[in-house]
Amino acid sequence: SLEEPEERGKKKRRTEFAKTPEETYLPTSNLHRVMLRAVKPETLLGRDVARTIQPCLSEFVMAVTGEAASSVTRSHRRRLVGEDIIGACQALGMEVYIRPLTSYL
């Protein structure tokens with residue numbers, strides 16, 4: 001067979017188990033909670049708001065995390081930390097997100 005044998009003890013990524021792209025999306029309850037922090041307290045968010053942004057935000061998180069994981073691998077480390085996410089944003093040309101993300105470190 002042309003398939004590579006699976007390495008013993010190797011963990012599968014969440015995307016490898018997913019049957020549909022929707023299964024890799026971030027939970028809408030988490031997105032809704034974060035979105036509420038970004039608006040005025042008197043603002044109400046409709047139920048469809050989180051579902052509308054869910055695919056885009058999930059893809060963004062996977063792209064940044066993937067870039068950060070590549071950096072960790074290149075530097076022969078096993079642990080991804082907050083600074084790796086900041087570096088990934090910079091490497092991907094997303095400097096506008098660095099300042100807000102740094103406030104969470």
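Residues numbered from 1 in each chain as written. Predicted model: local features only at pLDDT ≥ 70, side-chain atom pairs only at ≥ 80, totals over all residues. Heavy atoms only, no water.

Draft legend 1. Here's a closer look at the packing of helix H2 (residues 28–38) against helix H3 (residues 47–74). Relative to each other, H2 and H3 sit at 100°, their axes nearing to 9 Å. Of the possible angle classes, the one that applies to H2 and H3 is roughly perpendicular. Within the contact between the two elements, H2 uses Thr28, Leu31, His32 and Met35 and H3 uses Val49, Ala50, Arg51, Ile53, Gln54 and Leu57. Tallied by class, the residues present in the contact of H2 with H3 amount to six nonpolar, three polar and one charged. (Axes fitted to C-alpha atoms, helices over the stretch in contact; angles between N-to-C directions. Helix = DSSP H or I, 4+ residues; strand = E, 2+ residues; numbered from the N terminus. Parallel < 35°, antiparallel > 145°, perpendicular 65-115°, else oblique. Contact = heavy atoms within 4.5 Å. Nonpolar A, V, L, I, M, F, W, Y, C, P; charged D, E, K, R; others polar.)

Draft legend 2. Quick look at the packing of aromatic side chains. According to the stated counting rule, one finds one aromatic pair in the structure shown. Measuring from centroid to centroid gives 5.2 Å for Phe60 and Tyr97, while their planes differ by 55°, and the two rings are tilted. Of this pair, Phe60 sits in helix H3 while Tyr97 sits in the loop between helix H4 (82–91) and helix H5 (98–102), and the two are 37 residues apart along the sequence. (Phe/Tyr/Trp six-rings, centres within 6.5 Å; stacked < 30°, edge-to-face > 60°.)

Draft legend 3. Quick peek at the layout of surface pockets. In this structure, the largest pocket occupies an estimated 750 Å³ of space. Considering the residues around the largest pocket, the lining is formed by 20 residues, among which Val34, Leu57, Phe60, Val61 and Leu101 are closest to the centre. The greatest single-element share of the lining of the largest pocket, amounting to seven residues, is contributed by H3. When grouped by side-chain class, the residues that make up the lining of the largest pocket number 17 nonpolar, two polar and one charged. (1 Å grid on protein atoms, 1.4 Å probe; cavity = no way out; pocket = protein on both sides within 12 Å on 5 of 7 lines; lining within 4 Å. Points joined across faces, edges and corners; volume = space filled by probe spheres on them.)

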